Every structure is written in structure tokens, then in C-alpha cells.
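# A look at the structure
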Amino acid sequence: MSTHRKDARAKLESNCTCLAEEAATLAKQRYKHYSIIVTNCFRLKELDDKFADLLQQEEQFPPELPDMKTLYAKFYNEMMDLATNLVLST
């Protein structure tokens, strides 16, 4: 390998390590103010709320069905209207 490639590869590796160290430092600075206990508390509250919503949805399942007589009457009337339109158009 030529010295130029070796130098370029070494420079690239040093840049990568510098960027990784910089990212780690920035992450530490960003999250040093947050306590793990506080963030977990907010996360647990959010999960509790979602679980309560899920339990309520399961309790209400299956939803109340509509009256079958009126549902069938609407279906029948719409099918008759469509059938009438098809007969008249042919």
C-alpha cells in the first residue's frame, strides 16, 4: 500500500475516533442533568396510562352491535335501489 493511502486511512481513523469521543462527551453533557430515577418515573407513569387505556378498551370489547332488523332493512333497500338502476339501464 502506498504511503499516501496509509496516511489517508490513519487520518480517517483518527477523525472517526475524535467524532466518537465528541459524541460521547455531548451525550454526557446533555443527559447529566437528568436523573435516571426521574426519567424512569415519567416513563412508568406513561406506561401505566397506556396500560389503563388498554384495559378499558378490552373491557368495552366487543362494541355493541346495531339492531339487525334495521341493518338488514337498510341493506335490502339499498340493494333494491341498485337492482332497479341496473334493470332500468340495460
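Just above, that's the structure.
Predicted model only: the values in this text are computed from it and were never measured.

Thresholds applied
Residues numbered from 1 in each chain as written. Predicted model: local features only at pLDDT ≥ 70, side-chain atom pairs only at ≥ 80, totals over all residues. Heavy atoms only, no water. Helix = DSSP H or I, 4+ residues; strand = E, 2+ residues; numbered from the N terminus. Buried < 20%, exposed > 50% of the residue type's maximum accessible area, 1.4 Å probe, protein only. Areas by Shrake-Rupley, 256 points an atom, 1.4 Å probe, with all protein chains shown as cover. Phe/Tyr/Trp six-rings, centres within 6.5 Å; stacked < 30°, edge-to-face > 60°.

### A closer look at the overall build of the protein chain
Secondary structure assignment for the protein chain yields three helices and zero strands. When the helices and strands of the protein chain are placed in sequence order, the string is α-α-α. With 90 residues in all, the protein chain has 0% of them scored as buried. Split by element, the accessible area of the protein chain, about 9,200 Å² in all, is 62% carbon and sulfur.

### Digging into the packing of aromatic side chains
Going through the model one piece at a time under the given rule, you end up with two aromatic pairs. Centroid distance Tyr72 to Phe75: 6.2 Å. Interplanar angle 40°. Geometry classified as tilted. Of this pair, Tyr72 and Phe75 are both found in helix H3 (residues 68–89), three residues apart, which corresponds to roughly one turn of the helix. Ring pairs connect the aromatic residues Tyr72, Phe75 and Tyr76, which therefore count as one cluster.

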